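Topology and contacts: notes
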Amino acid sequence: MSKTEKIVIIGAGFAGLRLAQDLINHPNYEVYLIDKQNYHQFQPLMYQVATARLEPASISFPLRKVFQKAKNVRIRITEVAGINFENQFVNTPIGDFDYDHLVISIGCTTNYFGNENLKNFAYPMKTIPEAIQLRNRILQTFENALNTSDPEKLQTLLNFVIVGGGPTGVELAGALAEMKQHILPKDYPDKDFSKLKIFLLEGSPNTLSPMSEGSQKMSQKYLEELGVSVVTNTFVKDYDGTIVTLNTGKTINSKNVIWAAGVTGNAIKGFPETCITRGNRLIVNRQNEVTGLKHVYALGDIAYMETPNFPKGHAQVASVALQQASLLAENLSRKVKNKPLKDYEYTDKGSMATIGKRKAVVDLPKFSFQGRLAWFTWMFIHLMLILSIKNKLLIFMNWMISYFNNDSTLRIIMKPVATKVKTTKE
């Protein structure tokens, strides 16, 4: 390669961030990392922000800080309006970015399966702002309960319905149950919160359905020990802001429905329909190149790749995204040296979920385990994945304080400002 080529990466999630990191100071590539936010968010701990266990800054990492020492990485904070594949440029409100190689790593968003009522009334939890919104809602609910005397209205307020029994739903349900047990009696000694009910609804026969049978059974057992009502083989048909209608015909009155039941790929204008498959994902080959497009790649949750070991595509988890990004970085380096490219093959290192204090489940490739050891394993792995030492220490300190006194000091309701500042004359 006689010249420096430009790589434009759209999305600073796990895949986009890892690819840019692996290409730091590469002599043959100039990297532009484009994202709507100026930070990377660590989604596996988002539920702890929503339940006031961690501050948002603990799981957020400014992109410019990450790449301070990178001479070839440029950060641009903007949205993508469209892509011109023929002329190879990305259109944004701040200008067009030409590219030699384009990488799409924009991840997924909440999937309401076409139900507008759920979209309007249920609380999502895919981003930091959404987690803060949910935290405000949870804390405000407790305040509102103090001033609600009507038994029926009070129960509707105190019914929390979590839809989706995957890791996010299970971990959130466990955190809320522990809040009910350990925090609410101390924060609200003048109010009986024993009527607070947490429902976890799951469409399949088990919680954590992709995990081992042992982990499925133990996760449900742990949740029920914490007082969570686990309802399996059940779907939500509709929700009008007060009444949750289930496919069984039953209803639950609730003002707090949290949607963790599915994801769909974020959309970018310009992709041919032949590139897109179910879940709004982009079809890629074994080198993560988007089908039918030259020099365009997709990584992580947005990418759909069929392999002999994964004929229906890979799970939309961080480990897949990280491994795809690392291989693409290696293949881009191999291109420079005219070496043959490598095919992607996912190495499953296991999965895990935590349900509460000393309650977790871990599946490794050859065996699984649950309980206290699994809980410490979960904490250690997640701490190691946190980017900065400062954030590792902040999270560890919060966890230790919570471990010894079953409390946290982060229960602050952050309301929007009352007066909006104008930026231009009207």
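In this report, we go over the structure that sits alongside the text. Note that the structure is predicted; figures quoted are calculated from it, not measured.

**Structural notes on the sheet that holds strand β16 (residues 251-253)**
- Read across the sheet, 3 strands follow the order β14-β15-β16 without closing on themselves; strand pairing throughout is antiparallel. Two strands in the sheet have a free side with no partner beyond their single neighbour: β14 (236-239) and β16. Neighbouring strand axes in the sheet, compared pairwise and without regard to direction, differ in orientation by 20° on average.
- Judged from the 3 bridges that link them, strand β15 (residues 243-246) and β16 form a sheet pairing that is antiparallel. From the neighbouring strand, Thr245 faces β16, where its bridge partner is Thr251.

**Points about a nonpolar patch on the surface**
- On the surface, Phe380, Ile381, Met384 and Leu385 cluster together into a nonpolar patch covering about 380 Å² of accessible area.
- With respect to the element layout, Met384 can be found in helix α10 (residues 372-385).

**Points about the packing of aromatic side chains**
- By the definition in use, this model includes 15 aromatic pairs.
- Seen in terms of ring centroids, Tyr403 and Phe404 are 5.2 Å apart; in terms of plane orientation they differ by 90°. Their pairing is edge-to-face.
- For Phe404, a relative accessible area of 67% corresponds to the exposed category.
- A network of ring pairs unites the aromatic residues Phe142, Phe160, Tyr188 and Phe193 as a single cluster.
- Between the NZ or CZ atom of Lys357 and the centre of the ring of Tyr403, over which it lies, the distance is 4.6 Å.

**Notes on the sheet that holds strand β20 (residues 281-283)**
- One open sheet holds the 3 strands; their spatial order is β19-β20-β22, and the pairing between them is mixed. Two strands close off the open sheet at either side, each with one partner strand: β19 (276-277) and β22 (303-304).
- When β19 meets β20, the two strands line up antiparallel, connected through 2 bridges. Counted as the bridge partner of Ile276 is Leu282 from β20.

What counts as what
Each chain carries its own residue numbering, running from 1 in the written order of its sequence. Only residues with pLDDT of 70 or above have their local features reported here, since the model is predicted, and side-chain atom pairs are shown and tallied only from 80 upward, although totals for entire chains, interfaces and linings are computed over all residues. Water and hydrogen atoms play no part in the side-chain values, which are based on all heavy atoms of the structure. Only strands that DSSP links by at least two bridges are regarded as paired with each other. Where helices and strands are cited, they refer to DSSP runs of H or I of at least four residues and of E of at least two residues respectively, numbered from the N terminus. Note on geometry: axes are C-alpha line fits, over the in-contact stretch for helices, and angles between N-to-C directions span 0 to 180 degrees. Exposure above 30% relative accessible area and the absence of a salt bridge qualify a residue for a patch, where like charges join within 9 Å and nonpolar side chains (Val, Leu, Ile, Met, Phe, Trp, Tyr) within 5 Å. Throughout, the Shrake-Rupley method with a 1.4 Å probe supplies accessible areas, and for residues the shown protein chains are the sole cover considered. The term salt bridge refers to a pairing of a side-chain nitrogen on Lys or Arg with a carboxyl oxygen on Asp or Glu at a separation within 4 Å. Pairing of aromatic rings covers Phe, Tyr and Trp, the last through its six-membered ring, and needs centres within 6.5 Å; plane angles under 30 degrees mean stacked, over 60 mean edge-to-face, and all others mean tilted. Throughout this description, buried means an accessible area under 20% of the type-specific maximum (1.4 Å probe, protein chains only), exposed means over 50%, and partly exposed covers the range between. Comment: the charge-over-ring label is applied if NZ (Lys) or CZ (Arg) is within 6 Å of the ring centre and within 35 degrees of the ring normal.

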